[in-house]
Amino acid sequence: MNVTEVGIEARQRWMGLLARAPSARLAALFEAAGEAPAHDWLRVPETGGVMLRGRAGGTGAAFNMGEMTVTRCALRLESGEVGHGYVQGRDKAHAERAALVDALMQGPRASAMRAAVIEPLAEAEAASRRERAAKAAATKVEFFTMVRGED
Amino acid sequence: MYVAVKGGERAIDAAHEWLAEERRGDPKVPELSLAQIREQMSLAVNRVMAEGSLYDPDLAALAIKQARGDLIEAIFLIRAYRTTLPRIGHSRPVETSDMRCDRRISATFKDAPGGQVLGPTFDYTHRLLDFELAAEGAAPVAQTGEPQQASTPRITDFLNRDGLIQDEAHGDATPPDMTRQPMEYPADRPLRLQALTRGDEGFVLGMAYSTQRGYGRNHPFVGELRIGAVEVEMEIPELGFDICIGEVTLTECETVNQFMGSKTEPAQFTRGYGLVFGQTERKAISMALVDRALRWQELGEENVGAPAQDEEFVLAHSDNIQATGFLEHIKLPHYVDFQSELELVRKMRRGAQGSMKEAAE
């Protein structure tokens, strides 16, 4: 199966989840999902900066805001699949695991990886976002109009 | 005579060792962990990320610990580290319309769609010291409500629908980057916004305050203030498509300012804009006010000579690392410079005394 068959959208989703996942959480899930396959590096993990951009007025001309740390790497499994890891922060092991999962998601272990790593990450992220949104909702102001006396 | 002087290594080593000991403080008191700083001093961490111009909470926490809580020193450490990072690329402009808001308020519309969501704010507290925090207690638990599903609509979009506010010209031009090219004046708005978002909070606040007090007044309302998480997307050339590479918390402020109009154009409100790393609302509001003041020329306003209208004055003095570098260097040895001044003053005095003597005779 190649990437076109997998679908770019599906791959964007798992790569995003892997990038945003807490490193320790991904490590625990990945370890429990079976043995890590042997691989050759196409690009050894490196940490760098990505310049974030915003827009004037939120919707206008782009401007540079400042950088964030990102670690990236690329590798090839013995079976031929190429995996890319682009993750937030400076954790090289995190980038390596992200690239391994990305590669495995394109091969015969895809459904096992989806069940053992991707879906648990998606659920954990959704739960933590829901929890924060619920706290925000509790601070929403309910206005009420004071009844004015008529005498 | 010029005499080169060397020395002080032993004294410098001893000073740095003492610094390390003082940084640790009383060893009977437990040492601070980076996680404690990141979690419990989070607004200091946010300021260091914003002005250090690098989003990485763990590094900002380390810098604060190393700097003994001196935030400008911490920002200096982050700026120095930043220069060692290879630049991987740039993100797509972040979509603040899709922000998952922790806080979102409007000072202009009570019934703003999406509501007034206060979030974890200091507003409406009484600013009385809470002595309960001096003792260790159970971790507090926040209330919860029914989460909102839809993304929060932008206030200026409502105004814009009726043409009541000036439109923001959408552009995809590559913005200038002051970390790559030296500053040039006149600066365009993207360059000004980059300088302001990494500028010193105190300086930007002071400039904003000066406009409120009448030095370049522009009657701002906080149309909208939102704080929350946005995803960061980047195009990956080797893949040929965009992926999300992480998530950052930002504070965005849009001000609605005094209107203008003419015989040909109907009256319209104008805008100021602030967007800053982290939960940093004082800075974001200040940025919006100063952004608006600096737009006097494009909006056809009069230059009243206010400091906040002078972009070279504002941008050249907003960076606290440049400022502190130049300011603090004067405490370092200037023995030779001073020696020459001393010689000069002595010579002038000798000359003056000589001519006074002549006049008396």
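Preceding this paragraph is the structure being described.
Residues numbered from 1 in each chain as written. Chains lettered and ligands numbered in written order. Predicted model: local features only at pLDDT ≥ 70, side-chain atom pairs only at ≥ 80, totals over all residues. Heavy atoms only, no water.

### Looking at the overall build of chain B
Here is step 1 of the chain: A tally of regular secondary structure across chain B gives 12 helices and 6 strands.
Here is step 2 of the chain: Relative to a compact globule of 361 residues, whose C-alpha radius of gyration would be 21 Å, chain B shows 26 Å and is clearly more extended.
Here is step 3 of the chain: Principal-axis analysis of the C-alpha atoms places the extent of chain B at approximately 90 × 65 × 55 Å.
Here is step 4 of the chain: Classification of the 361 residues of chain B by burial places 39% in the buried group.
Here is step 5 of the chain: Considering only contacts in chain B between residues 6 or more positions apart, those separated by 24 or more positions represent 65%.
Here is step 6 of the chain: Summed over its atoms, the accessible surface of chain B is roughly 21700 Å², and 56% of this surface lies on carbon and sulfur atoms.
Here is step 7 of the chain: Each charge sign in chain B was given a centre, from 39 positive and 57 negative side chains, and these centres are 5 Å apart. (Helix = DSSP H or I, 4+ residues; strand = E, 2+ residues; numbered from the N terminus. Rg over C-alpha atoms; globule rule 2.2 N^0.38 Å. Buried < 20%, exposed > 50% of the residue type's maximum accessible area, 1.4 Å probe, protein only. Contact = heavy atoms within 4.5 Å. Areas by Shrake-Rupley, 256 points an atom, 1.4 Å probe, with all protein chains shown as cover. Lys, Arg positive; Asp, Glu negative; His and termini not counted. Charge placed at Lys NZ, Arg CZ, Asp CG, Glu CD.)

### Considering the interface of chain A and chain B
Here is step 1 of the chain: The interface is formed by 53 residues belonging to chain A together with 76 residues belonging to chain B.
Here is step 2 of the chain: Surface buried jointly by chain A and chain B totals about 5700 Å² across both partners, of which 61% is contributed by carbon and sulfur atoms.
Here is step 3 of the chain: When residues of chain A are sorted by the area they lose upon contact with chain B, Arg53, Met65 and Glu67 of chain A head the list and together hold 13% of the total.
Here is step 4 of the chain: Linking chain A to chain B there are 9 salt bridges.
Here is step 5 of the chain: Among the salt bridges present, the one from Asp172 of chain B reaches Arg55 of chain A, with a minimum N-O distance of 2.9 Å.
Here is step 6 of the chain: Applying the counting rule to chain A against chain B returns 32 residue pairs in polar contact (both at pLDDT 80 or more).
Here is step 7 of the chain: If one sorts the elements of the side of chain A that touches chain B by residue count, strand β1 (residues 39-55) of chain A sits on top with 11 residues.
Here is step 8 of the chain: Looking at side-chain class alone, the side of chain A that touches chain B contains 22 nonpolar, 17 polar and 14 charged residues.
Here is step 9 of the chain: Relative to strand β2 (residues 87-93) of chain B, β1 of chain A is paired through 4 bridges, and the arrangement is parallel. The residue bridging Gly49 of chain A from the neighbouring strand is Arg87 of chain B, located in β2 of chain B. (Buried area = accessible area lost by both parts, 1.4 Å probe. Salt bridge = Lys/Arg side-chain N within 4 Å of Asp/Glu carboxyl O. Polar contact = N/O pair within 3.5 Å; in protein donor to acceptor, adjacent residues only side chain to side chain. Nonpolar A, V, L, I, M, F, W, Y, C, P; charged D, E, K, R; others polar. Pairing = 2+ DSSP bridges.)

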